[in-house]
Amino acid sequence: MTAAFMQVHQEIYQNQKINVFHFVQGACQTVTASYYYVTIDSWELPSQFSSQEEAIKVAKENCEILTESISHVNQLQKLIKSTSLIISSCQLDYQESA
């Protein structure tokens, strides 16, 4: 029984590095397993894919979700900072009026 994998695709998509690998396992000149798997910035997606095209498509969808999530986190951080400044200002106003 022998197994091998090789990188078949690499690209930067939305500032994230996508790698697609093809895994093949066989015995006696017969392929017993063959699938593709993906890493995004060294994180392996928990799925196996039957084609390279499907693997790339899902990888890009995950990159888009991650990019959107990062954008939401950045917006929340700005909101928290603004809220903190407002609270600090209100506390100063209260202390000055007391």
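For the structure, check the block above.
Residues numbered from 1 in each chain as written. Predicted model: local features only at pLDDT ≥ 70, side-chain atom pairs only at ≥ 80, totals over all residues. Heavy atoms only, no water.

Draft legend 1. Layout of the sheet that holds strand β3 (residues 30-40). One open sheet accounts for four strands, arranged β1-β2-β3-β4; its pairing is antiparallel. Two strands close off the open sheet at either side, each with one partner strand: β1 (2-13) and β4 (43-44). Relative to strand β2 (residues 16-27), β1 runs antiparallel, the two being bridged by 11 bridges. Considered in β2, the bridge of A3 is made with Q25. (Pairing = 2+ DSSP bridges. Helix = DSSP H or I, 4+ residues; strand = E, 2+ residues; numbered from the N terminus.)

Draft legend 2. Geometry of the packing of aromatic side chains. Summed over the entire model, instances satisfying the criterion amount to five aromatic pairs. Aromatic pair F5 and Y37: ring centres 6.2 Å apart, planes at 55°, arrangement tilted. Residue F5 is located in strand β1, and its partner Y37 is located in strand β3; the two are separated by 32 residues in the primary sequence. According to the relative accessible area criterion, Y37 is buried, its value standing at 13%. Centre to centre, the rings of F21 and Y37 are 5.2 Å apart; their planes meet at 20°, and the pair counts as stacked. Residue F21 is located in strand β2, and its partner Y37 is located in strand β3; the two are separated by 16 residues in the primary sequence. (Phe/Tyr/Trp six-rings, centres within 6.5 Å; stacked < 30°, edge-to-face > 60°. Buried < 20%, exposed > 50% of the residue type's maximum accessible area, 1.4 Å probe, protein only.)

Draft legend 3. Broad picture of the pairing of β3. Pairing of β2 with β3, which is carried by 10 bridges, proceeds in the antiparallel orientation. Bridge pairing links N19 to T39 in β3. Hairpin connection, β2 to β3: the antiparallel pair is bridged by two residues, and C28 has positive phi, about 50°. The pairing of β3 with β4 spans two bridges and is classified as antiparallel. Counterpart to I40 in the pairing with β4 is W43. Between β3 and β4, which pair antiparallel one after the other, the connecting turn spans two residues, and D41 there sits at a positive phi close to 50°.

Functional significance is not addressed by these values, which are geometric in nature.
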